[in-house]
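# Coordinates in review
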Amino acid sequence: MAVSQRRDFSDPSMEKQNKAARRVLIVQSGSVLEDGVESLLSQQPDLKVVSVQYVGDPEFVQAALGARPDVIVLFEGSRLSAGRVFDLLQGTASQALRVITVCSNSSALDVCDRQRLAAFQSQDLFAFVRQPTGAGWQGSA
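Residues numbered from 1 in each chain as written. Predicted model: local features only at pLDDT ≥ 70, side-chain atom pairs only at ≥ 80, totals over all residues. Heavy atoms only, no water.

We now examine the overall build of the chain. Of regular secondary structure, the chain possesses 5 helices and 6 strands. Counting from the amino terminus, the chain carries its helices and strands in the arrangement β-α-β-α-β-α-β-α-β-β-α. With 141 residues in all, the chain has 31% of them scored as buried. Excluding contacts between residues fewer than 6 apart, the proportion of contacts in the chain whose partners are at least 24 apart in sequence is 66%. Total accessible area on the chain stands at roughly 9,300 Å², and carbon and sulfur atoms take up 52% of it. (Helix = DSSP H or I, 4+ residues; strand = E, 2+ residues; numbered from the N terminus. Buried < 20%, exposed > 50% of the residue type's maximum accessible area, 1.4 Å probe, protein only. Contact = heavy atoms within 4.5 Å. Areas by Shrake-Rupley, 256 points an atom, 1.4 Å probe, with all protein chains shown as cover.)

Below, the structure written as structure tokens:
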């Protein structure tokens, strides 16, 4: 699996500035849209972007474990789906993970979050079920 990191974080001043940077793993399959999204995200100072070329599940898991991403970006029509990502990374140390699928034929993003939440009693389950979907999300109109 080809792994490229477009930003250089070896500079100590950049490392300090980006200590709390969100780690983003972009899974590519070879389209121009993917390069554009990577370029846009790489310009954000609070994001550490790593790009990988998807060739198979074992290589993807190895790259994801190495990158320890907070967010994984997929592209509509790729061989890897959000559900498959969660299946492959089940049991890893990451407690929370967001997978964003960029839809190429519209200006939409499919966002899936995996969170491990403690539920000690049935009331906890009821609270999670009742929590509004997308609570607090403020997208642009």
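Picking up where we left off.
What follows is about helix H2 (residues 32-42). Within H2, burial applies to Glu34, Val37, Glu38 and Ser42. All buried residues of H2 lie within an arc of 130 degrees about the axis, which places them on one face of the element. Seen from the buried face of H2, the exposed residues on the opposite side, beyond 90 degrees, are Val32 and Leu40. (Arc of directions from axis to C-beta.)

Moving on, we get to a nonpolar patch on the surface. A cluster of nonpolar side chains, contributed by Leu125, Phe126 and Val129, occupies part of the molecular surface with about 290 Å² of accessible area. Residue placement: Val129 occurs in helix H5 (residues 122-130). (Patch = residues over 30% accessible without salt bridge, like charges linked within 9 Å, V, L, I, M, F, W, Y side chains within 5 Å. Salt bridge = Lys/Arg side-chain N within 4 Å of Asp/Glu carboxyl O.)

On to the nonpolar core. Among soluble globular proteins, nonpolar side chains are generally buried collectively. Membership of the largest hydrophobic core comes to 20 residues, with the highest contact counts inside it found for Leu25, Val27, Phe60, Ile72 and Val85. Of all the secondary structure elements, the ones that give two or more residues to this core are strand E2 (22-28), strand E3 (47-53), helix H3 (57-67), strand E4 (71-75), helix H4 (82-88) and strand E5 (96-102). A total of 5 residues in this core trace back to one element, the largest contributor, which is H3. Counting residues in hydrophobic clusters, the runner-up holds 10 residues, among them Val24, Val71, Ile100 and Val102. (Core = buried A, V, L, I, M, F, W, Y, C linked by side-chain atoms within 4.5 Å.)

Quick look at the pairing of E4 now. Counting buried positions over the 5 residues of E4 gives 5, a clear majority of the element. Side-chain alternation along E4 places Val71, Val73 and Phe75 on one buried face and Ile72 and Leu74 on a second face that is also buried. Pairing between E2 and E4: 3 bridges, direction parallel. Across the sheet, residue Leu25 finds its bridge partner in E4, namely Ile72. As judged from the 5 bridges shared by E4 and E5, these two strands associate in the parallel manner. Paired with Leu74 across the strands is Thr101, a residue of E5. (Pairing = 2+ DSSP bridges.)

Now for the side chain of Gln28. Looking at the element boundaries, Gln28 is found in strand E2. For Gln28, the contacting residues outside a window of four places in its chain are Glu34, Asp35, Glu38, Ser51, Val52, Gln53 and Tyr54.

By secondary structure assignment, the location of Glu34 is in helix H2. On the accessibility criterion, Glu34 (2% relative accessible area) is buried.

A few words now on the pattern of salt bridges. Inspection of every chain in the model, using the stated rule, returns 3 salt bridges. A salt bridge links Arg23 to Asp70; its shortest N-O distance comes to 3.6 Å. Here Arg23 is found in strand E2, whereas its partner Asp70 is found in the loop between H3 and E4, with 47 residues between them in sequence.

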